Amino acid sequence: MKKIEALIKPFKLDDVKEKLTELGIKGITISEVKGFGRQKGHTELYRGAEYVIDFIPKIKIELVLPDELVEDAVKAIMEAAKTGRIGDGKIFVLPVEEVIRIRTGEVGENAL
């Protein structure tokens, strides 16, 4: 099993969710997060005053999948989240040692 963590632009969430649903992926977790990468924020103008936005709003998507679905899920996220502009985000793939469903006690892939 693997855990996929993807940081994407907020307006791309619906596109990514749709692509993952088409693959038959049943559950994802999202969080609203802020951060910066190479772009290091940007400057905005508000009521005539200029100020720096250091942390850019992003959406963090987390899902745990059987190994055989990981490659397709990563491709789907990349296709749906890509705008071709700086700040499109990142995808991290991490190993998962164990999953336990609290309600039933199921373990491993059965708990997904």
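Now for a quick tour of the structure. The structure presented is a predicted model; accordingly, all values stated were derived computationally and were not measured.

Digging into the overall build of the protein chain
And step 1. Along the backbone of the protein chain there are 2 helices and 6 strands.
And step 2. Secondary structure elements of the protein chain occur, N-terminal to C-terminal, as β-α-β-β-β-β-α-β.
And step 3. Referenced to the eigenvectors of the C-alpha coordinate spread, the extents of the protein chain come out at roughly 60 × 25 × 20 Å.
And step 4. Expressed as a percentage of the 112 residues in the protein chain, the buried residues total 30%.
And step 5. Total accessible area on the protein chain stands at roughly 8,000 Å², and carbon and sulfur atoms take up 52% of it.
And step 6. For the protein chain, the distance from the average site of its 19 positive side-chain charges to the average site of its 20 negative ones is 5 Å.

A few points about the sheet that holds strand β6 (residues 89–95)
And step 1. Read from one edge to the other, the open sheet built from 4 strands follows the order β2-β5-β1-β6, with strand pairing classed as antiparallel. Where the open sheet ends on each side, the last strands, each with one partner, are β2 (29–35) and β6. Taking each pair of neighbouring strands and ignoring which way they run, the sheet shows an average axis angle of 20°.
And step 2. With 7 bridges connecting them, strand β1 (residues 2–8) and strand β5 (residues 56–65) associate as antiparallel partners. Within β5, the position partnered with Glu-5 by the bridge is Glu-62.
And step 3. In this fold helix α1 (residues 13–22) packs onto β1, β2 and β5, with an angle of close to 10° to the strand it touches most, β5.

Points about the pattern of salt bridges
And step 1. Under the definition given, this model contains 9 salt bridges.
And step 2. Linking Glu-5 and Lys-60 is a salt bridge whose minimum nitrogen-to-oxygen distance equals 3.8 Å. One end of the pair, Glu-5, is in strand β1; the other, Lys-60, is in strand β5, and 55 residues separate them in sequence.
And step 3. For Glu-5, a relative accessible area of 16% puts it in the buried group.
And step 4. In this structure Lys-60 comes out as partly exposed when scored by relative accessible area, which is 24%.
And step 5. Here Asp-15 and Lys-12 are joined by a salt bridge, their closest N and O atoms 3.4 Å apart.

Reading guide: rules and limits
Residues numbered from 1 in each chain as written. Predicted model: local features only at pLDDT ≥ 70, side-chain atom pairs only at ≥ 80, totals over all residues. Heavy atoms only, no water. Helix = DSSP H or I, 4+ residues; strand = E, 2+ residues; numbered from the N terminus. Buried < 20%, exposed > 50% of the residue type's maximum accessible area, 1.4 Å probe, protein only. Areas by Shrake-Rupley, 256 points an atom, 1.4 Å probe, with all protein chains shown as cover. Lys, Arg positive; Asp, Glu negative; His and termini not counted. Charge placed at Lys NZ, Arg CZ, Asp CG, Glu CD. Pairing = 2+ DSSP bridges. Axes fitted to C-alpha atoms, helices over the stretch in contact; angles between N-to-C directions. Contact = heavy atoms within 4.5 Å. Salt bridge = Lys/Arg side-chain N within 4 Å of Asp/Glu carboxyl O.

Just geometry here; none of it tells us what the structure is for.
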